[in-house]
Amino acid sequence: MKKRKVWKIWMIVILIFVGGYLGLSVQTSETPDKVEVKGQQSESHQYDTLHSPPPQNSVMNSNETEIKKTEPLDGEGITVIGDSVIMGVEPYLKEKLPKITVDGKVGRQMSHAKEVVNELEKQGKLGDYIIIELGTNGTFKQDHLRNLLTSLSDAEKVLVVTTRVPKGWQDTVNSTIKEVVSEFSNAKVVDWYAASEGKGDYFYKDGVHLKPDGSRYYASLLIEALQ
């Protein structure tokens, strides 16, 4: 009787041991596969995250700011007032700016400029960009230029050109232009005197009026200053 009880106990112990061993074996054999699958899923998720395209909103936001391109100048809205020097340059200006308005007259003085401005305004020919080329024919008072620029205070830009003329008033004219123009935020000096230094071959014998190459160079300076 005792032997049977002992035998039963041993059988139970053996069954428990075998069952535990088999369970552990099954768990051990399954664990690597499950870990590997989980690892593969994690790597796949990381790849998708790194290589998936950005959200549509972020793409749109990057293109929200438009790049404004400057329209090429054709001369429309640009008015030039000058003397005989600008008359020689006019064909070269119109070659590049066909719609530009050029009003030049032999012997014109700075004191005449305000009258010219008023007349052009009546005719609807006064643009938002204005170039003043005067001083070749003599000096002028600061108030003449100051009053002129004051009347043009609504213009987008006013360019006033210095002069090169082998006369006693040359330096006075140029210093007056630089001093008065500095008082106006919409005005700028185009220093023809400095730009033409050492370029005697651009001028005719009078040292004032320009040969074709000189006129072309003069026109290019004005166009550059308008940009």
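These figures come from a predicted structure and were not determined experimentally. (Residues numbered from 1 in each chain as written. Predicted model: local features only at pLDDT ≥ 70, side-chain atom pairs only at ≥ 80, totals over all residues. Heavy atoms only, no water.)

1. Notes on the pattern of salt bridges
Rules: Salt bridges are defined as contacts in which a side-chain nitrogen from Lys or Arg sits within 4 Å of a carboxyl oxygen from Asp or Glu. Where helices and strands are cited, they refer to DSSP runs of H or I of at least four residues and of E of at least two residues respectively, numbered from the N terminus. A simple rule labels every residue: compare its accessible area, found with a 1.4 Å probe on the protein chains alone, to the largest value its type can have, and call it buried under 20%, exposed over 50%, or partly exposed in between.
Within the structure shown, the criterion is met by nine salt bridges. Residue Glu 90 pairs with Lys 94 through a salt bridge whose shortest N-O separation is 2.9 Å. Of the two residues, Glu 90 and Lys 94 are both situated in helix α3 (residues 84-96); the distance of four residues between them amounts to about one turn of the helix. A relative accessible area of 35% means that Lys 94 is categorised as partly exposed. Where salt bridges share partners, they join Asp 74, Glu 76 and Lys 99 into one cluster.

2. Topic: the nonpolar core
Under the convention used in this document: Nonpolar cores are built from buried Ala, Val, Leu, Ile, Met, Phe, Trp, Tyr and Cys residues. Side-chain atoms within 4.5 Å join them into one set. What makes two residues a contact is simply this: any of their non-hydrogen atoms within 4.5 Å.
Membership of the largest hydrophobic core comes to 28 residues, with the highest contact counts inside it found for Ile 86, Leu 93, Trp 192, Leu 210, Tyr 218 and Leu 222. When contributions to this core are tallied by element, the ones reaching two or more residues are β1 (78-82), α3, β4 (157-161), α7 (192-195) and α8 (212-226). The element best represented in this core is α8, accounting for seven residues. When sequence neighbours within four positions are dropped, the list of residues in contact with Leu 222 reads Ile 86, Leu 93, Ile 131, Leu 159, Val 161 and Val 190. By size, the runner-up hydrophobic cluster in this structure holds 23 residues, among which are Leu 120, Ile 130, Leu 152 and Val 180.

3. With respect to the sheet that holds strand β3 (residues 129-133)
Put simply, the test is: Strand pairing is defined by DSSP finding a minimum of two bridges between the two strands. Angles here are taken between N-to-C directions and fall from 0 to 180 degrees, while the axes themselves are lines fitted to C-alpha atoms, restricted in helices to the stretch in contact.
Strands sit in the order β2-β1-β3-β4-β5 across an open sheet of five strands; the sheet is parallel. Two strands bound the open sheet, and with one partner strand each, they are β2 (101-104) and β5 (187-190). Each strand axis lies, on average, 15 degrees off the axis of its neighbour in the sheet, ignoring direction. Looking at chain direction, β4 and β5 are connected through four bridges and run parallel. Bridge assignment links Val 158 to a residue of β5, and that residue is Ala 187.

4. What about the layout of surface pockets?
Formally: Put plainly, a pocket is an open set of points on a 1 Å grid over the protein atoms alone with protein on both sides within 12 Å along at least five of seven lines, a cavity is a set where a 1.4 Å probe fits but cannot get out, and a lining residue has an atom within 4 Å of a point. Grid points are joined across faces, edges and corners, and a volume is the space filled by probe spheres set on the points. Residue polarity follows a fixed list, in which Ala, Val, Leu, Ile, Met, Phe, Trp, Tyr, Cys and Pro are nonpolar, Asp, Glu, Lys and Arg are charged, and the others, Gly among them, are polar.
Counted as a void, the largest pocket has a volume near 160 Å³. If you trace the largest pocket, you find 13 residues lining it, with Glu 121, Leu 126, Ser 151, Leu 152 and Asp 154 closest to the centre. Tallied by class, the residues present in the lining of the largest pocket amount to five nonpolar, four polar and four charged.

5. Some points on the packing of aromatic side chains
Inclusion rule: Only rings of Phe, Tyr and Trp enter the pairing, Trp through its six-membered ring, and a pair is recorded when the two centres are within 6.5 Å. The plane angle decides the type: under 30 degrees is stacked, over 60 is edge-to-face, the rest tilted.
One pass over the full model with this rule turns up four aromatic pairs. Between Trp 192 and Tyr 217 the ring centres are 6.0 Å apart and the planes differ by 50 degrees, which places this aromatic pair in the tilted class. You can see Trp 192 sitting in helix α7 and its partner Tyr 217 sitting in helix α8, a full 25 residues away along the chain. Note on Trp 192: relative accessible area 4%, which makes it buried. Arranged with centres 4.6 Å apart and planes meeting at 55 degrees, the rings of Trp 192 and Tyr 218 form a pair that is tilted. Highlighted residues: Trp 192 in helix α7 and Tyr 218 in helix α8, separated in sequence by 26 residues. Accessibility expressed as a relative area gives 2% for Tyr 218, which makes it buried. Put simply, the rings of Trp 192, Tyr 202, Phe 203, Tyr 217 and Tyr 218 pair up and form one aromatic cluster.

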